Amino acid sequence: MTPFPAGPTAAPTRSSRRPALVAAATAALLTAVTSGLAVTAAPSMAAACTGYVALTFDDGPTPGNTTTLINTLRAAGVRATFFNVGQNAQSNPALVRAQRDAGMWIGNHSWTHPHMTQLSQAQMASEISQTQQAIQQATGTAPKLFRPPYLESNATLRAVEAQFGLTEINADVDSQDWNNASTDQIVQNASRLQAGGSILMHDWPANTIAAIPRIVSDLANRGLCAGMISPATGRAVAPDGATPPPSTPPPSTTPPPTTAPPTTPPPSTTPPPTTAPPTTPPPSTTPPPTTAPPTTPPPSTPPPDPSGVCTATYRLVSSWTGGFQGEVTVSSTAAISGWTVRMTLASGQSISNVWNGVATGAGGPVSVRNAAYNGSLSAGGSTSFGFLANGSSSPAPSGIACSGA
Ligand SMILES: [Zn+2]
C-alpha cells in the first residue's frame, strides 16, 4: 500500500547539473581523504571513504515496511536518514524508536504529507510542530532536519522551518522509487550520487529494498560511504558528524536554509492542533508508582510536600515582527508525577500553539500543565514545553513559577 503516493511533481529534473557533478566527483576522488570510516561498515566495505553520501527514506514509519528496511540497511552495514511523516510516527512510536536504536537519523517530513506551499503559514507551522512533537515523544529528541513533501518549498515555508530550528533538506538524486522504478533503475539512479549528496528513496517500495545492497556495493566501489546529513550545512558528512565532506559542495538548486529570524509574520490566528493526543505514551524514565498496599506501617513522618520542588525557566527561542517562539524548561529537585507552570504574558501577547504541555488561558495569566507523557520527573530531572505566541517578544512573560504534584 502506498500511503502517500507522490505525484509527478515529486522531483524537478536535474539533468542540467550532471556535468558539474561529475567534475566535482572526479576532483573529490583525486583529493581523497581516508579518515572517518564508518564503524558500522561491513567487512566487505572496509575500504577508505573518500566521501560521504546520505541515503534517505521518506514517508514512514509503516508497519510491515520499516522493520524490513532497517534490517536491510543493517545487513548492508549502513546508516540512513528517515524522514518520517508525523501521523505515522504518532501511530507507530515503537518503529520510530527502532529507527533510532538501529543508529538511523530521523527527520521531519510534515504531519499529513500535504503540498506545503499551498498551505497558510499557520497550517505550515502546525504540520511541522505536531511532527516535531510526535518524534520527540517517541525518541526524546526533536528532529533538526525537514524535508518538504514533493520537495516543494518557498520562502514562507523556510521561515517557518527556521522558527523550529530546522534545516531544509532537498535531494541531489531522485531514485524514482515512488514512480515504480525497477530495481535496476533505482541502482542506476543511485550511481549518480556524489560526495556530500543525498538520494531520495522511500519507506515502502519492495524494489528499494532489493536495490539497497547493490547501491551500497556500488558506493563502496567508488570510495563513498553512507553518512549523516549535517544540520549545519545540509550536506552528507561522516556518521559521527565530525568529518567534513572531502569535496566542495556540488551546485544545488536549493537555497541554503536561512537561520535568520523570519521577516514574515508567523501565524496570527493559529488554532491549537486539533489532533487528538497520542494514545500511546512514550517510555518514561520514571518507573510507575507501585499501587500495592504497604505491608509495613507507613513512616510516621509525612513525605516532603512536592510543591515547590520544581522550577521553571523561560527562554526566547526566536522572534519576528508580531510574534515569537518560547520554551520553558521545568526542573525538579525531587520526584514528581506532574507539574504546572504559571506565568503572566504581557499586554498584547497571546499564545497560539503549545506543545509538550496543555495550556489554560492564552493571554494574561496562563497556566501550562504537563502533557500525558512528560509529567513524571525524577529527582534532578527536567523537561520542557514550547509555544508560539502573537505579539512582541518583549517583555518576557513574568511571574513564572512551577508547582509539582
Ligand atoms: Zn514524502
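Residues numbered from 1 in each chain as written. Predicted model: local features only at pLDDT ≥ 70, side-chain atom pairs only at ≥ 80, totals over all residues. Heavy atoms only, no water.

S.K.: How would you sum up the coordination of the zinc ion? Please name residues and give values.
M.R.: Coordination of the zinc ion by the protein comes from Asp 59 (OD), His 109 (NE2) and His 113 (NE2), over a distance range of 2.1 Å. Read from N- to C-terminus, the donor residues coordinating the zinc ion fall into the pattern D-x49-H-x3-H. Here His 113 lies in the loop between β3 (105-108) and α5 (121-139) and Asp 59 lies in the loop between β1 (51-58) and α2 (66-75), a separation of 54 residues in the sequence. Exposure class is identical for Asp 59 and His 113. Each is buried. (Donors = N, O, S within 2.8 Å, 3.2 Å for Na, K, Ca; no water. Helix = DSSP H or I, 4+ residues; strand = E, 2+ residues; numbered from the N terminus. Buried < 20%, exposed > 50% of the residue type's maximum accessible area, 1.4 Å probe, protein only.)

S.K.: Tell me what's going on with the state of the cysteines, and back it up with residues and numbers.
M.R.: Tallying each qualifying case throughout the model produces two disulfides. Here Cys 49 is linked by a disulfide to Cys 225, with a sulfur-sulfur distance of 1.9 Å. With the S-S dihedral at roughly -80°, the linkage between Cys 49 and Cys 225 falls on the left-handed side. Residue Cys 49 is found in the loop between α1 (18-30) and β1, and its partner Cys 225 is found in strand β8 (residues 224-226); the two are separated by 176 residues along the sequence. Each member of the pair, Cys 49 as well as Cys 225, carries the same accessibility label: buried. One disulfide in the model links Cys 310 with Cys 402; its S-S distance is 1.9 Å. Across the S-S bond linking Cys 310 and Cys 402, the dihedral sits near -100°, which makes this disulfide left-handed. You can see Cys 310 sitting in strand β11 (residues 310-320) and its partner Cys 402 sitting in strand β18 (residues 398-404), a full 92 residues away along the chain. Exposure remark for Cys 310: the relative accessible area of 5% places this residue in the buried category. Counting its disulfide-bonded cysteines in sequence order, the protein shows a connectivity of 1-2, 3-4. (Disulfide = S-S within 2.5 Å.)

S.K.: Residues and numbers for the sheet that holds strand β13 (residues 339-344), please.
M.R.: In sheet architecture, strand pairing relies on hydrogen bonds along the backbone and comes in two forms, parallel and antiparallel. With respect to topology, four strands assemble into an open sheet ordered β15-β16-β13-β18, the strand pairing being antiparallel. Strand pairing shows two members of the sheet lacking a second neighbour, β15 (357-360) and β18, which therefore form its edges. Here the strands of the sheet are splayed against their neighbours by 20° on average, with no regard to which way each runs. Both β15 and strand β16 (residues 365-370) contribute to a ladder of four bridges, which runs antiparallel. (Pairing = 2+ DSSP bridges. Axes fitted to C-alpha atoms, helices over the stretch in contact; angles between N-to-C directions.)

S.K.: An account of the pattern of salt bridges is needed here, citing residue identities and associated values.
M.R.: Applying the stated criterion to the full structure yields six salt bridges. Between Arg 147 and Asp 58 there is a salt bridge, with its nearest N and O atoms 2.9 Å apart. In this pair, Arg 147 is assigned in the loop between β4 (145-146) and α6 (155-163) and Asp 58 in strand β1, connecting sequence segments 89 residues apart. Each member of the pair, Arg 147 as well as Asp 58, carries the same accessibility label: buried. Notably, a salt bridge pairs Glu 168 with Arg 158, separated by 3.6 Å at the nearest N-O pair. Remark: Arg 158 occurs in helix α6 and Glu 168 occurs in strand β5 (residues 167-168); sequence separation between them is ten residues. Arg 158 matches Glu 168 in its accessibility class, with the two residues each being buried. (Salt bridge = Lys/Arg side-chain N within 4 Å of Asp/Glu carboxyl O.)

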